[in-house]
Amino acid sequence: MQYRHVPKNGDQLSALGFGAMRLPTRRGKIDEERATAQIRGAIDRGVNYIDTAVPYHGGESERFLGRALQDGYRERVKLATKLPPWSVKTREDMDRVLDIQLRKLRTDRIDYYLLHSLEAGHWKRLRDLGVLDFLDAALASGKIRNAGFSFHGDVRTFKEIIDAYDWTFCQIQYNFLDETNQAGTEGLRYAASRGIAVMVMEPLRGGMLGGKLPAEVEEIYRRSGLDRSGAAWALRWVWNHPEVTVVLSGMNDERHIAENIATCEDALPDSMTADELATVDAAAASYRRLMKVGCTGCSYCMPCPAGVNIPQCFSLYNTLGMGGSRLFTRGMYGMSLMGGMAGERADASLCRDCGKCAKVCPQGIAIPDELKKVGRTLGGLQTKMILPLARMMFSAEVKE
Ligand code: SF4
Ligand code: SF4
């Protein structure tokens, strides 16, 4: 196993982390026997970072991990979980939630504790409720060992949050299609330059860069002469960045776990050759040709006076165009942009057609017109109808 260094505390973390959000299931519940064997097997092969959160598996992932990490496994890993902003109404709620999480995880400390899924709205509300004071107190008491945050907003907000506290780590979405989306490469480098470890989520962009690939992409990988899966190419590209500490993979298949562990062994920083990088560039260009809108995620069009998160709307619309599942994409749109997770609404229907954004878009995108298509495809009544289900899946309330 390859290990990478956390600058602020000296921890050596496995470059592959186990995300406990897509565990194997049976009859709608976590397949406890199989999932336990997978997690313990990965730890036996060197994985030492496990990431969970309240919403995963409808609130059951934390409780499951509490059991799966018995028999000495807890001591062999660094455990990460997150404070859900949507469950916090007061400063006292933060202590209450953390205590419940400690009990569910059957532990006396969370090694890596994150504020979950920050964007401008959640960040401002939590800060005003005193979340930085909460983190100071939880660190001082030893209930948490390191403070961080996970993030899905724009790079400007990301830098503001990075500068607001002495974080040990952060967690961002990063893959070869998101170099300029959300925190992106700019955010990755900004965090690393301040000695903040960066954990990467969605290295396969919700599975899109692994599994069944578009024929054009398959042909590009075949021409490289290297026998690698799409997942191996995408993961290797992320690990090639020296600023990345841990890459999280939500694993639930024994073959994928074995493959990811094998890929991780020699996917060292700056290890990819110019030819390999050119192959990934060609694959990225091919995916982009399949995109519905040629948005690069540069955010020059932001902020929108009506509150639309324009790059995020187009990113999800493009995910659908490139073969993403309609239910998953709608769920993500509803949860992250239509206020499903109690953040501020930022979906396409808020657009007032003022035209300000289109004037500055370097890609010349007719943004208001394209947003209408996004709204028709991903928003509306159908998405509202699946929101209660998505909320149950992603946003479980904190229960004992
Ligand atoms: S046209 Fe719509 S999306 Fe663009 S800035 Fe105006 S309100 Fe925002
Ligand atoms: S300015 Fe254009 S390319 Fe850049 S994020 Fe906005 S829509 Fe996308």
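These numbers were taken from a predicted model, which means no experiment stands behind them.

Let's shift gears to the pattern of salt bridges. In this structure the tally under the stated criterion is 34 salt bridges. We note a salt bridge from K159 to E186, for which the minimum N-O separation is 2.6 Å. Of this pair, K159 sits in helix α6 (residues 155-162) while E186 sits in helix α7 (residues 184-193), and the two are 27 residues apart along the sequence. Overall, K159 belongs to the partly exposed group, its relative accessible area being 24%. Take E186: its relative accessible area is 46%, and that puts it in the partly exposed class. Salt bridges sharing common partners tie together R74, E75, D108, R109 and D111.

Moving on: helix α11 (residues 274-289). Residue pairs three or four apart in sequence face the same way in an α-helix, which turns once every 3.6 residues. Between its first and last C-alpha, α11 extends 22 Å over 16 residues, near the 22 Å set by a 1.5 Å rise per residue. For α11, the set of buried residues is E276, T279, V280, A283, A284, S286 and Y287. End-on view of α11: buried residues confined to an arc of 160 degrees, all on one side of the axis. Away from its buried face, by an angle of more than 90 degrees, α11 presents the exposed residues A274, D275, D281 and R289.

Cis rather than trans, the peptide bond between M302 and P303 has omega equal to -5 degrees. With respect to the element layout, P303 can be found in the loop between α11 and α12 (310-321). With a phi angle near 50 degrees, R106 is a residue other than glycine that sits in the positive phi range. Judged by relative accessible area, R106 falls into the partly exposed class, the value being 49%. Of note in this structure, E202 is not a glycine but carries a positive phi near 55 degrees.

Further remarks concern the domain arrangement of the protein chain. Segmenting the protein chain into domains produces domain 1 (3-281) and domain 2 (310-394). When each unit is reduced to the centre of its C-alpha atoms, the spacing between domain 1 and domain 2 is 24 Å.

The subject of this paragraph is the site of ligand 1. Neighbouring ligand 1 are C304, P305, A306, I310, C351, R352, D353, C354, G355, C357, P368 and L371. Its residues placed into classes, the shell around ligand 1 shows 9 nonpolar, 1 polar and 2 charged.

In terms of nonpolar packing, the biggest core is built from 86 residues, with L135, F149, W167 and F176 touching the most fellow members. The element that contributes the greatest number of residues to this core is helix α9 (residues 230-239), accounting for 7 residues. If we skip the residues at most four places from it in the chain, F149 touches L114, L115, L118, F158, I161, I162, W167, F169, C170 and Q171. Counting residues in hydrophobic clusters, the runner-up holds 24 residues, among them C313, Y317, C357 and L371.

This paragraph deals with helix α8 (residues 215-223). Within α8, burial applies to V217, I220 and Y221. Relative to the axis of α8, the buried residues are bounded by an arc of 95 degrees and lie together on one face. For α8, the exposed residues set more than 90 degrees away from the buried face come down to A215, R222 and R223. Among the structural elements, α9 and α11 are those in contact with the buried residues of α8.

Quick look at the packing of aromatic side chains now. For the structure on display, the rule yields 13 aromatic pairs. Judged by centre distance (6.3 Å) and plane angle (85 degrees), the ring pair of F149 and F151 falls under edge-to-face. In this structure an aromatic cluster arises from ring pairing among W123, F149, F151, F158, Y165 and W167. A cation sits over an aromatic face here: R194 above Y190, 3.6 Å from the ring centre. Directly above the ring of W233 sits R228, whose terminal nitrogen or CZ lies 4.6 Å from the centroid.

On to the side chain of T245. Positionally, T245 belongs in strand β12 (residues 244-249). Ignoring sequence-local partners within four residues, the contact set of T245 consists of R4, H5, V6, L13, S14, A15, A197, V198 and M199.

So, on to the sheet that holds strand β7 (residues 78-83). Taken in spatial order, the 8 strands of this closed barrel run β3-β6-β7-β8-β9-β10-β11-β12, and their pairing is parallel. Averaged over all neighbouring strand pairs, the angle between strand axes comes to 25 degrees, with direction disregarded. Summarising the sheet, strand β8 (residues 112-118) and strand β9 (residues 147-151) pair through 4 bridges and their orientation is parallel. In the strand pairing of β9, Y113 is matched with A147.

Next up on the list: the side chain of S117. Mapping S117 onto the fold places it in strand β8. With relative accessibility at 11%, the residue S117 sits in the buried group. The residues touching S117, leaving out its near neighbours within four places in the chain, are W86, H122, S150 and H152.

Structurally, A282 can be placed in helix α11. Note on A282: relative accessible area 29%, which makes it partly exposed. Along the primary structure A282 and A20 are separated by 262 residues, whereas in three dimensions their C-alpha atoms are 32 Å apart.

The rules we used
Residues numbered from 1 in each chain as written. Chains lettered and ligands numbered in written order. Predicted model: local features only at pLDDT ≥ 70, side-chain atom pairs only at ≥ 80, totals over all residues. Heavy atoms only, no water. Salt bridge = Lys/Arg side-chain N within 4 Å of Asp/Glu carboxyl O. Helix = DSSP H or I, 4+ residues; strand = E, 2+ residues; numbered from the N terminus. Buried < 20%, exposed > 50% of the residue type's maximum accessible area, 1.4 Å probe, protein only. Expected span 1.5 Å × (residues − 1). Arc of directions from axis to C-beta. Domains from an automatic or database assignment. Near = heavy atom within 4 Å. Nonpolar A, V, L, I, M, F, W, Y, C, P; charged D, E, K, R; others polar. Core = buried A, V, L, I, M, F, W, Y, C linked by side-chain atoms within 4.5 Å. Contact = heavy atoms within 4.5 Å. Phe/Tyr/Trp six-rings, centres within 6.5 Å; stacked < 30°, edge-to-face > 60°. Lys NZ or Arg CZ within 6 Å of the ring centre and 35° of its normal. Pairing = 2+ DSSP bridges. Axes fitted to C-alpha atoms, helices over the stretch in contact; angles between N-to-C directions.

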